[in-house]
Amino acid sequence: VRIETRWAGGKTDDARRYAGELVALTPDVILASGGSMVGPLLQVTQAVPIVFAQTPDPVAAGFVASLARPGGNATGFTQVEYGMAMKWLELLKEVAPSVTRAVILRDPAVPEGIGQFTVIQSGAPVHKVEVSPVDLRNAAEMERSLTEFARLPNGGLILLSSALGNVRRDLIVKLAAKLRLPAVYPSRQFASAGGLIAYGSDSIDPHRKAASYINRILKGEKPADLPVQAPTKYELAINLKTAKALNLTIPQALIARADEVVE
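One structure accompanies this document, and this report is about it. This one's a predicted model, so the numbers in the text were calculated from it and none came from an experiment.

### Concerning the overall build of the protein chain
Here is step 1: Within the protein chain one finds eleven helices and ten strands.
Here is step 2: For 263 residues, the compact-globule estimate of 2.2 N^0.38 gives 18 Å, and the C-alpha radius of gyration of the protein chain, at 19 Å, lies within 12% of that figure.
Here is step 3: Its C-alpha atoms put the protein chain at 55 × 40 × 30 Å along the principal axes.
Here is step 4: Within the protein chain, the fraction of its 263 residues that count as buried is 51%.
Here is step 5: Put simply, of all contacts in the protein chain between residues at least 6 apart along the chain, 67% involve residues at least 24 apart.
Here is step 6: Computed over 29 positive and 25 negative side-chain charges, the separation of the two mean positions in the protein chain equals 3 Å.

Put into structure tokens, the structure is as follows:
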């Protein structure tokens, strides 16, 4: 078994080049983690089976015809339903009730950056929170935008799920602490790294399940016949040290529900 690991670094040109290089190796199947590589791979091959993990909306992105019947050479496991983005806003208000303004960090170049922000934007009036998007792509510009946003009181931060958000994890957590912004993140690794609170699907579980799909494909089944599966396990993580630094009291009921509590 030959394993090739590539990372596109979030750049479209790099992704296309790496996709072409991978397909040129004539693999029996390709595993794509995250949605940023699936599109470039499908541009260069409609024959090599592709199993994706942590891809937010493969139907809207055009990767598959439907979740039940993918219909092409790609199938796999989604990362999150867009509706869950509302949960992040609810959590922000639960841990920091005084928040009336929230900056939404997103990558607008990927489907989840658009879809998740739309969900939050539609529900913000119910929670009496004014939301504004900030692009993740330019780190220096992002820092300037967050610094300007934090000049006014009652602010909070929500990071939407994306590969680029994971790459910038330490910077974002550091900025939120420096600017004293209560923040909600899309995966528990952010809470472990010092983020206030995180809620999202288990990032390891879909890769384990992807291995079973790869096995089935290698035994002769076709991606077109293997349904795309949604996450079944979600994790809540809370960093009480960060809460204390922000003078926030986390409700005991919320702590009791957490899968991980950093003290």
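### Looking at the environment of Lys241
Here is step 1: As for its placement among the helices and strands, Lys241 is situated in helix α10 (residues 240-245).
Here is step 2: For the pair Lys241 and Ile120, spaced 121 residues apart in sequence, the C-alpha to C-alpha distance is 27 Å.
Here is step 3: Not counting the four nearest positions on each side in its chain, Lys241 is found in contact with Val262 and Glu263.

### Quick look at the nonpolar core
Here is step 1: The biggest cluster of nonpolar side chains holds 35 residues, and the ones touching the most others in it are Ile158 and Ile197.
Here is step 2: Taken together, the elements giving at least two residues each to this core come down to α3 (85-95), β4 (101-106), α4 (111-123), β8 (197-201), β9 (234-239) and α11 (252-257).
Here is step 3: In this structure Ile158 touches Trp88, Leu89, Leu92, Val103, Ile104, Leu105, Ile120 and Val184, once residues within four positions along its chain are discounted.
Here is step 4: Counting 22 residues, the second largest nonpolar core, distinct from the first, contains Val173, Leu179, Tyr185 and Ala191.

### Some thoughts on the pairing of strand β5 (residues 130-135)
Here is step 1: The sheet contact formed by β4 and β5 spans six bridges and is parallel. Across the sheet, the residue bridging to Arg101 is Glu130, located in β5.
Here is step 2: Crossover β4 to β5 through α4 is right-handed.

### Some remarks on the pairing of strand β2 (residues 50-55)
Here is step 1: Of all six residues in β2, six are buried; the element is thus mostly enclosed.
Here is step 2: Where strand β1 (residues 30-33) lies against β2, four bridges are found, and the strand directions are parallel. Each residue of the ladder has a partner; that of Ser33, found in β2, is Ala53.
Here is step 3: In this fold, the crossover linking β1 to β2 by way of helix α2 (residues 38-44) has right-handed handedness.

Calculation notes
- Residues numbered from 1 in each chain as written.
- Predicted model: local features only at pLDDT ≥ 70, side-chain atom pairs only at ≥ 80, totals over all residues.
- Heavy atoms only, no water.
- Helix = DSSP H or I, 4+ residues; strand = E, 2+ residues; numbered from the N terminus.
- Rg over C-alpha atoms; globule rule 2.2 N^0.38 Å.
- Buried < 20%, exposed > 50% of the residue type's maximum accessible area, 1.4 Å probe, protein only.
- Contact = heavy atoms within 4.5 Å.
- Lys, Arg positive; Asp, Glu negative; His and termini not counted.
- Charge placed at Lys NZ, Arg CZ, Asp CG, Glu CD.
- Core = buried A, V, L, I, M, F, W, Y, C linked by side-chain atoms within 4.5 Å.
- Pairing = 2+ DSSP bridges.
- Right-handed = clockwise from strand over helix to strand, strands pointing away.

Just geometry here; none of it tells us what the structure is for.
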